[in-house]
Every structure is written in structure tokens, then in C-alpha cells.
Amino acid sequence: RWRLGLGVLAAVIVVAAVVLWRAGIWATAERPTPAQTIAVLPFRYYSADSAEQRLAERITDGVTSELARLGTLGVVSHTSALQFAGVRKPLREIAQTLGADLILEGNVENANGQLRVQARLVDATTDQKFWVEDFSTTVADIPDLQRRIAHAASAASSSRRLH
């Protein structure tokens, strides 16, 4: 008898859980669609060393991922932005192709394990830089560097929208 009662109780719990789930009780809140979209162009490096190129690619990819993780901006995929590595085209044309309102560009310098990254935000409609910041760190702290750049760029884009 107690087995039957336990089975009925388990069935009631399962049915209740399904009903609540379908009603949206456990639904995750959807993020609002960001007002602006950013494309992170491949960061430039000024060296013939292939390790420098990989370092710049790693930083670009990480910043792109961090911006997406923040959710404050729509973010063009890293793969789509890669087509503009080393391309010399008007920025408005690149932004239009990528569907971006903002472009994040930058350059990377590595001097004996000390990294210096200069990041710049450009308004794609006016083709004007409105934010430039220098970041310094060591090669060991690249994940933190990527987060700092993404947070600073996101904050700069938000403050620009407010003005």
C-alpha cells in the first residue's frame, strides 16, 4: 500500500513540475536586445614574429568573447570580423558589411613579456574615434587584460549613448 502511495505522490510531483515549467515558472529571463552592435577587428601587431600574430589573435578573440558575455552590446562574431584582417577599406564600409554601429580596433606590442595594448572605439556612422585607452600587463595576465578591455569598451559605448 505504501508503495502505491509513494508512486502516486511521485507522479503528482512530476506532473506538477511539468505544469510549472510549461507555465514559465523556471524560465530564464531573456536579455533585452542590445541597442548597438560592435565588431572587434583583428588587433594589429607590428612584428614579423608569428608568435606576436597569435598573441594579437588571442587577445582579439578573448575581447570579442568577453563583450558577448557582458551582453551590453550586440557582438559580431569573431569569424566574421576576421575577414578584415589586414584589409584597408573605409571603416564605414567594413561596419556596414558587418552590420556594426561601433568598431573596436587596437594594436598589441610585446616587449619581453610586457604587453601594451591600445584599444580604440570608432563610431561607424561618423568614422570618428570617441574612446582610446592604453592597457599594460604581462603575457601571463591575458585573460584579465581581455576582461578589462571589454568592460572599458562597454562602459565607453554606454556613456556615449547617454550623451
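Quick note: structure is the one above.
Residues numbered from 1 in each chain as written. Predicted model: local features only at pLDDT ≥ 70, side-chain atom pairs only at ≥ 80, totals over all residues. Heavy atoms only, no water.

**Comments concerning the environment of R58**
Here is step 1: By secondary structure assignment, the location of R58 is in helix α2 (residues 50-70).
Here is step 2: Taking the C-alpha atoms as reference points, R58 and F43, 15 residues apart in sequence, are found 9.3 Å from one another.
Here is step 3: Excluding residues that lie within four positions of it along the chain, R58 makes contacts with I142, P143 and Q146. (Helix = DSSP H or I, 4+ residues; strand = E, 2+ residues; numbered from the N terminus. Contact = heavy atoms within 4.5 Å.)

**Side note on the side chain of T64**
Here is step 1: Inspection of the secondary structure assignment puts T64 in helix α2.
Here is step 2: Among all residues touching T64, those that are not within four sequence positions of it are V40, V75, V76 and H78.

**Observations regarding the packing of aromatic side chains**
Here is step 1: Enumeration according to the criterion identifies one aromatic pair in this entry.
Here is step 2: With a centroid separation of 6.5 Å and an interplanar angle of 55°, the aromatic rings of W131 and F135 are classed as tilted. Here W131 matches F135 in class, with each residue buried. (Phe/Tyr/Trp six-rings, centres within 6.5 Å; stacked < 30°, edge-to-face > 60°. Buried < 20%, exposed > 50% of the residue type's maximum accessible area, 1.4 Å probe, protein only.)

**Some remarks on the pattern of salt bridges**
Here is step 1: Taken as a whole and judged by the stated rule, the model has six salt bridges.
Here is step 2: Of the charged contacts in the structure, one is a salt bridge between R116 and E109, with a shortest N-O distance of 3.4 Å.
Here is step 3: Taking relative accessible area as the criterion, E109 reaches 38% and is therefore assigned partly exposed.
Here is step 4: Among the ionic pairs, D134 bridges to R116, the shortest N-O distance being 3.3 Å. You can see D134 sitting in strand β6 (residues 128-138) and its partner R116 sitting in strand β5 (residues 114-123), a full 18 residues away along the chain.
Here is step 5: Classification of D134 by relative accessible area gives partly exposed; the value is 43%.
Here is step 6: When its relative accessible area of 30% is taken as the criterion, R116 is described as partly exposed. (Salt bridge = Lys/Arg side-chain N within 4 Å of Asp/Glu carboxyl O.)

**Side note on the nonpolar core**
Here is step 1: Formed by 25 residues in total, the largest nonpolar core has its most connected members in I59, L104, W131 and I149.
Here is step 2: Per-element tally for this core: the top contributor is helix α5 (residues 142-162), with seven residues.
Here is step 3: The residues touching I149, leaving out its near neighbours within four places in the chain, are F43, V63, L104, V117, A119, W131 and F135.
Here is step 4: Grouped together as the second largest cluster of nonpolar side chains are twelve residues, V76, F84, A95 and V122 included. (Core = buried A, V, L, I, M, F, W, Y, C linked by side-chain atoms within 4.5 Å.)

**Re the environment of L98**
Here is step 1: Among the structural elements, L98 can be located in helix α4 (residues 91-98).
Here is step 2: Remark: the alpha-carbon pair of L98 and T37, spanning 61 residues in sequence, is separated by 9.3 Å.
Here is step 3: If near-sequence neighbours (up to four positions away) are discounted, L98 is found in contact with A39, L41, V76, S80, A81, Q83 and F84.

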